[in-house]
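A structural walkthrough
Spelled out from the first residue to the last, the chains are:
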Amino acid sequence: MSDSAATGGSLADRISNPNPEAPAATDDAPSANQEDDGAGDALGGSSLQEPDYSVEVKLSDLQQDPDNPLFSVKSFEQLGLNPLILNGLSAMNFRKPSKVQERALPLLMSNPPKNLVGQSQSGTGKTAAFTLNILSRLDLSTEEAQLTPQALILAPTRELARQIVGVIQMMGRFLEGLVIGTAVPTDAANRPTRMQCSVVVGTPGTVQDMIKKRIMNPTQLKVLVLDEADNMLDQQGMGDQCIRVKAMLPRTIQVVLFSATFPAHVHQYANKFAPGANEITLKHDELTVEGIKQLYMDCNDEEEKYNNLVHLYGLLTVGSSIIFVKASNHPITRSSAAEIERRMLAEGHTVASLTGGIEGTQRDAVIDAFRSGDAKVLITTNVLARGIDVSTVSLVINYDIPQAFENNSRTSEPDYQTYLHRIGRTGRFGRIGVAITFVANRQEWEMLRMIQTHFLCQIDRIDTGDWDSVEQMIKKTIKNSRAQAKFAQQ
Ligand SMILES: Nc1ncnc2c1ncn2[C@@H]1O[C@H](COP(=O)(O)OP(=O)(O)OP(=O)(O)O)[C@@H](O)[C@H]1O
């Protein structure tokens, strides 16, 4: 039954004929503290999580389309990489570079090293771009060199840091003497007394602490990478930590900033952090990924959101999916994630939830269960909006539309960057996915409209009055991605 019909039309209709009794959005706090818990062993990144199919054939079509972010004219061989690194790439089934890899690598690897501010759409292989530069620059000729940090990668969350460690391990597996260290918050018992490794990947607060306490020697560092750089530099606490870390590093260090988004105010700042940098940038309208079908669903109120969610999951058997709820440190928000988890579990779904309120090793267990497919549905906040690469994710739900904050208060604007990063958890590297945003009041509908205008993208309405066609439409999109996979196996 159409719930919107019950109130006289869709939200879109009601905007043109506004209903003053439309429910107001509830208050929310700014994004979660992403630095608050213990460590775990490095978990493999995407390559350990490859689904049992490959998108190779279709991918090669995409990679021949000059308008596609995966397009490239060169091969990895032509980019002048060490044969042992090339072996790592082919073991990971990387056949051709993506556009950002092809463009960034010559800039990154040239000598004398130059800084880089690099932007490309979500899921287009930025991790490999900065990893290949780092692996190419390492001196692993002596044991002392192998055990002294030469490259440092900072990431905003422990999950992303662990994922990057996994990618470097895979890509550098044929490099003898390569040792990678993870610097994420941990309890005292598990804290390393010395970072004896060639590459360190960590979160800024922990790295700052380790350098200060002389656990990590920064004097031989040649490369500093900030992944999700706009996010790190824009958050007050984390931005300060990044600046303090950089101040303790050699002055000649190559600074590399990567993200899918660089809003103008951060871009200015990025240029100060990485002076004289080469730049690879995108326009607003180039940012959305074509393979992600963007939809929205009208809901009359919070309860209807939940009912629609359950209805949707009743209809669909998708690979893995992520449900994003409001980003907040607020206990109520956390419990709303927990509440959805509880109710979904009761419906028989294998669900896990990860919010900023969960502690370190517990967090690792949740993300590991999701990566392995033990939990098919992950309910989370913005804490996992960025960087997380699980290629089986075919559906993303914005249960709450991401909303911008200023001075710790909610504004009436959407958080454009977060929207893009959240939906970018699907449709990775040429795959196809669906992103559904729930709107439950006039303000949310207005934010949705602003998102469409900002990115010049189309977000189609799902008609909840006709669940049969909802089912068909979503299944068709998701089936396309399976068809693509099947095609690739032949
Ligand atoms: N050249 C390549 N060939 C095949 N697969 C690739 C290639 N480069 C990257 N990939 C795969 O594409 C996926 C996305 O890569 P990655 O996580 O680096 O994207 P990203 O650009 O950093 O995304 P985000 O902006 O969301 O952080 C990964 O699963 C990775 O293994």
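Overview of the structure. (Residues numbered from 1 in each chain as written. Predicted model: local features only at pLDDT ≥ 70, side-chain atom pairs only at ≥ 80, totals over all residues. Heavy atoms only, no water.)

Some details on the environment of Arg158
Note the following rule: Helix and strand labels come from DSSP, where a helix needs a run of H or I of at least four residues and a strand needs a run of E of at least two; each type is numbered from the N terminus. Only protein chains enter the area calculation, which uses a 1.4 Å probe; residues under 20% of their type maximum are buried, those over 50% are exposed, and those in between are partly exposed.
With respect to the helices and strands, Arg158 occurs in helix α8 (residues 158–171). Owing to a relative accessible area of 1%, Arg158 belongs among the buried residues under this scheme. When the C-alpha atoms of Arg158 and Ser259 are compared, they prove to be 17 Å apart, with 101 residues separating the residues in sequence.

A look at the side chain of Thr426
Condition: Contacts: residue pairs with any heavy atoms within 4.5 Å of one another.
Of note, Thr426 is situated in the loop between α16 (416–423) and β15 (433–439). In this structure Thr426 touches Ile292, Val393, Ser394, Leu395, Val396, Ile432, Gly433 and Val434, once residues within four positions along its chain are discounted.

A closer look at the sheet that holds strand β7 (residues 278–280)
Applied cut-off: Should DSSP find at least two bridges between two strands, the strands are taken to pair. Angles here are taken between N-to-C directions and fall from 0 to 180 degrees, while the axes themselves are lines fitted to C-alpha atoms, restricted in helices to the stretch in contact.
If you trace the 7 strands from one edge of the open sheet to the other, you get β3-β4-β2-β5-β6-β1-β7, paired in parallel fashion. At either end of the open sheet lies a strand with only one pairing partner, and these are β3 (180–183) and β7. In this sheet, adjacent strand axes meet at a mean angle of 15° when their direction is disregarded. Of the strand pairs in this sheet, strand β2 (residues 151–154) and strand β5 (residues 223–227) are connected by 4 bridges, and their pairing is parallel. Residue pairing for β5: Ile153 is matched across the bridge by Val225. Across the sheet, helix α5 (residues 99–109) lies against β1 (116–119), β6 (254–259) and β7, angled at about 170° from β6, the strand it touches most. Each of β1, β5, β6 and β7 touches helix α12 (residues 264–273); the most contacted strand, β6, lies at about 160° to it.

Quick notes on helix α15 (residues 360–372)
What sets the pattern is the α-helix's 3.6 residues per turn: residues three or four places apart point alike. We apply this condition: The span you would expect from a helix comes to 1.5 Å times its residue count less one. It is the directions from the helix axis to the C-beta atoms that the arc portrays.
Over its 13 residues, α15 extends 18 Å from the first C-alpha to the last, a length consistent with the 18 Å expected when each residue adds 1.5 Å. Within α15 the residues assigned to the buried category are Gly360, Arg363, Asp364, Val366, Ile367, Phe370 and Arg371. Burial along α15 is one-sided: seen end-on, the buried residues are contained in an arc of 165°. Buried positions along α15 lie against α8, β9 (320–324), β10 (351–354), β11 (377–380) and β12 (393–398). Taken from the residues just after α15, Gly373 is the one with a positive phi, measuring 90°.

Focus: the packing of helix α9 (residues 204–212) against helix α11 (residues 236–247)
Put simply, the test is: Take the far helix as the reference: if the near one is turned anticlockwise from it by less than a right angle, the crossing is left-handed, and if turned clockwise, right-handed. Side-chain classes are defined by residue name, with Ala, Val, Leu, Ile, Met, Phe, Trp, Tyr, Cys and Pro counting as nonpolar, Asp, Glu, Lys and Arg as charged, and the others, Gly among them, as polar.
Their axes nearest at 9 Å, the elements α9 and α11 cross at an angle of 35°. Classified by chirality, the crossing of α11 by α9 is left-handed. Judged by residue contacts, Pro204, Gly205, Val207, Gln208 and Ile211 of α9 engage Met238, Gln241, Cys242, Arg244 and Val245 from α11. Each residue belonging to the contact of α9 with α11 can be placed in one class, and the counts come to 6 nonpolar, 3 polar and 1 charged.

Nothing here speaks to function; it is geometry throughout.
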